[in-house]
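# Remarks on the overall topology
What follows is the residue order along each chain.
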Amino acid sequence: MNKLLVKKELKKTDLFKLCRTLDRQESSKCLVFLTEFTNASKKCRSLFEEIHRHYKKNKYDWDKVNVCVSVLNKKLFGNREDNNAARVLRSELYKNLKKYCNFLNSQKQEPSLTDVGFLNYLATRKGDDLFFKEFNKIEKNIKTKQDKDSDQSQIQYKAGIENVYIDYLSYKAYLELISKDQSKKNNIDYNSYYRKFLQYSVLRKMHSYCLLLNHQLIEKQEINPEIESEVISLFKRAKDFPSIQKIIEIYETASLMLKNDRSQYDKLKKMLLDSESDISKKDKQQLYFFMHNFCIRSNDPELLNESRINYLRRFDDGLLHDGEYIVLMNAKALCTTILNLTKSTDANIKLTKLEAEQKI
């Protein structure tokens, strides 16, 4: 048994699997985060330093890091035995690395209309003036959008589940502020708060229903009749929210398309093109994903070509991107799509070899 413990490889642990998700730059800055922003013990930080040393020694290639747990134990505890203290230490580092990963994820997210986290901070501190300045900015930005292609005085609502959610969260922060009695000059409207929550709830349920239909399309999985019944009622209730009718209609159309209705595909495509600038990026990404699966599963040559053209449009619109880049899987699929278009029998979309090379 002791021999097995001595030979236990670090790369088989969850700790190492999490470490290898960090790139060279992220790994090099991790120790600063552990020191300044967590309660990680000195020995915990030393464990990460040792793991990073092996990573650096192997020219920043996690695949080449092949160190045994016993080696780390010897370095940190003076003996090779993998006892409870060593396991607790690895667990401590794992928990703190999760915090670092959450931090990295929040930093990489694209800038949204606002930072609700800042509102939450101000709500718990004595910063009423700043809070209401930020809160009013959120209210204005989420509910209005300047249409650059028309008269500068024209205001349009920007549809999107994320925007509705931020609207709800900002009002939730407002409740937090009022609950601490920091401001007595503003009368809170609990009806408004509840309505904001209902709007978000309705949209999330619609989105989740579309995910179910999408999975049914791929796996032929039956949807529970109770869910179908509830969704019918959901779409009826959605008519009570005029401010989000645009995005509601779009998701309702998507749900009908995913039930194998070709006419709804054409309608959804037109709606997305007509409302190009009025729908949030995350919603467009999801809707084009549903359209892609519908086209692929149809086995209709015309729709297969549609899926390829849509894929190129998604790239041009930045919908395949994660920040400034696109992930490897999307890049590979994009290249395959371009090559397939060189073989198309439709002259309107067929690409020449030179055009394909330029696009790639």
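Just so we're clear, the structure is a prediction, and the values are computed from it rather than from any experiment.

Thresholds, definitions, all that
- Residues numbered from 1 in each chain as written.
- Predicted model: local features only at pLDDT ≥ 70, side-chain atom pairs only at ≥ 80, totals over all residues.
- Heavy atoms only, no water.
- Helix = DSSP H or I, 4+ residues; strand = E, 2+ residues; numbered from the N terminus.
- Expected span 1.5 Å × (residues − 1).
- Buried < 20%, exposed > 50% of the residue type's maximum accessible area, 1.4 Å probe, protein only.
- Polar contact = N/O pair within 3.5 Å; in protein donor to acceptor, adjacent residues only side chain to side chain.
- Contact = heavy atoms within 4.5 Å.
- Core = buried A, V, L, I, M, F, W, Y, C linked by side-chain atoms within 4.5 Å.

## Brief notes about helix 4 (residues 42–57)
Over its 16 residues, helix 4 runs 22 Å from end to end, which matches the ideal 22 Å to within 8%, given 1.5 Å per residue. Residues Cys-44, Leu-47, Phe-48, Glu-50, Ile-51, His-52, His-54 and Tyr-55 constitute the buried set of helix 4. At the exit of helix 4 stands Lys-59, carrying a positive phi of roughly 55°.

## Concerning the environment of Asn-83
By the secondary structure assignment, Asn-83 is in the loop between helix 5 (69–77) and helix 6 (84–108). Among the residues examined, Asn-83 registers a relative accessible area of 24% and is labelled partly exposed. As for Asn-83 and Asn-73, which are separated by 10 residues in sequence, their C-alpha atoms are 9.0 Å apart. Here Ala-86 takes part through its backbone nitrogen, which lies 3.1 Å from a polar atom of the side chain of Asn-83.

## A short note on the environment of Ser-344
Structurally, the position occupied by Ser-344 is in the loop between helix 16 (328–341) and helix 17 (353–359). Given a relative accessible area of 6%, Ser-344 falls into the buried group. Separated by 43 residues in the primary sequence, Ser-344 and Pro-301 place their C-alpha atoms 9.7 Å from one another. Setting aside its immediate chain neighbours within four residues, Ser-344 contacts Asn-305, Ile-349 and Lys-350.

## Some points on the nonpolar core
By size, the foremost hydrophobic cluster in this structure holds 37 residues, and its most contacted members are Met-206, Tyr-251 and Met-257. Put simply, the parts of the chain that give this core at least two residues each are helix 9 (161–179), helix 10 (190–219), helix 11 (225–237), helix 12 (245–257), helix 13 (262–274) and helix 14 (281–298). With 8 residues, the top contributor of residues to this core is helix 10. In this view, Met-257 contacts Gln-264, Tyr-265, Leu-268, Phe-290, Met-291 and Phe-294; residues no more than four positions away in its chain are not counted.

Interpretation in functional terms is not warranted from these geometric data alone.
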